[in-house]
Amino acid sequence: MANSALHASIGMAIAKLLPIWWLSLPLAFLSHFIMDLYPEALVNKNNFFEKKNLFFVISQIFLMLFVILIGILESNVFIIIAAILSNLPDIWALLEF
């Protein structure tokens, strides 16, 4: 399962590279399931700064900055919607009680 910064950056990249909304928004949503097939590093709250996980943590920080900067600089609702859609299955999972 990939994390939300990775999902958002891939969804935003799909929206940026393919500006046809009726094609790129469903692809951004489907990219979530494709990226969940990719095994991520075994990182939990107790071992963030171990040497084997340090690259993972640093890359996630850069991905979060990328998502925030693109969201601010583009100020394009289409790209922001793609980032939300690419994280929607995890948002649904969080809302289930």
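A. Molecular detail of the packing of aromatic side chains. Within this structure, the stated rule accounts for two aromatic pairs. Ring geometry for Phe29 and Phe33: centres 5.4 Å apart, planes at 80°, overall edge-to-face. Taken together, the residues span about one helical turn, with Phe29 and Phe33 both in helix α2 (residues 21-36) at a distance of four residues. The class of Phe29 is partly exposed, set by a relative accessible area of 22%. In this structure Phe33 comes out as partly exposed when scored by relative accessible area, which is 39%. Through a chain of ring-to-ring contacts, the aromatic side chains of Phe29, Phe33 and Trp92 assemble into a single cluster.

B. View of a nonpolar patch on the surface. A grouping of Leu54, Ile58, Ile61, Phe62, Met64, Leu65, Ile68, Leu69, Ile72 and Leu73 is seen on the molecular surface, where their side chains present a nonpolar patch of about 990 Å² in accessible area. Within the element layout of this structure, Leu69 appears in helix α3 (residues 51-74).

C. Structural context of the packing of helix α1 (residues 4-17) against helix α4 (residues 77-95). It is at 8 Å that the axes of α1 and α4 come closest, and there the two elements cross at 140°. As far as their axial angle goes, α4 and α1 are oblique. Both α1 and α4 take part in a crossing whose hand is right-handed. Across from Ser4, His7, Ala8, Gly11, Met12, Ala15 and Lys16 in α1, the residues of α4 making contact are Phe78, Ile79, Ala82, Ala83, Ser86, Asn87 and Asp90. In the contact of α1 with α4, the residues fall into seven nonpolar, five polar and two charged.

Scoring rules and cut-offs
Position numbers for residues start from 1 in each chain and track the written sequence from start to end. The model is predicted, so local features are restricted to residues of pLDDT at least 70 and side-chain atom pairs to those at 80 or more, both for listing and for counting; the totals for chains, interfaces and linings are taken over all residues. Calculation of side-chain values draws on the structure's entire complement of heavy atoms; hydrogens and water are dropped beforehand. Pairing of aromatic rings covers Phe, Tyr and Trp, the last through its six-membered ring, and needs centres within 6.5 Å; plane angles under 30 degrees mean stacked, over 60 mean edge-to-face, and all others mean tilted. Working definition: helices are DSSP H or I runs of at least four residues, strands are E runs of at least two. Numbering for both runs from the N terminus. Using a 1.4 Å probe on the protein chains alone, a residue whose accessible area is under 20% of its type maximum counts as buried, one over 50% counts as exposed, and one in between counts as partly exposed. Each patch is built from salt-bridge-free residues with over 30% relative accessible area, joining like charges within 9 Å and nonpolar side chains (Val, Leu, Ile, Met, Phe, Trp, Tyr) within 5 Å. Computed with the Shrake-Rupley method and a 1.4 Å probe, the accessible areas treat only the protein chains shown as cover for residues. Salt bridge, as used here: a side-chain nitrogen of Lys or Arg that lies within 4 Å of a carboxyl oxygen of Asp or Glu. To get an axis, a line is fitted to the C-alpha atoms, and for a helix only the part in contact is used. The angle between two axes follows their N-to-C directions and goes from 0 to 180 degrees. Each angle gets one of four labels, with under 35 degrees taken as roughly parallel, over 145 as roughly antiparallel, 65 to 115 as roughly perpendicular, and the rest as oblique. The handedness criterion is simple: a crossing whose near helix is rotated anticlockwise from the far helix by less than a right angle is left-handed, and one whose near helix is rotated clockwise is right-handed. Residue contacts are defined here by distance: any two heavy atoms, one from each residue, within 4.5 Å place the two residues in contact. In the scheme used here, Gly and all other residues not listed as nonpolar or charged are polar, with Ala, Val, Leu, Ile, Met, Phe, Trp, Tyr, Cys and Pro taken as nonpolar and Asp, Glu, Lys and Arg as charged.

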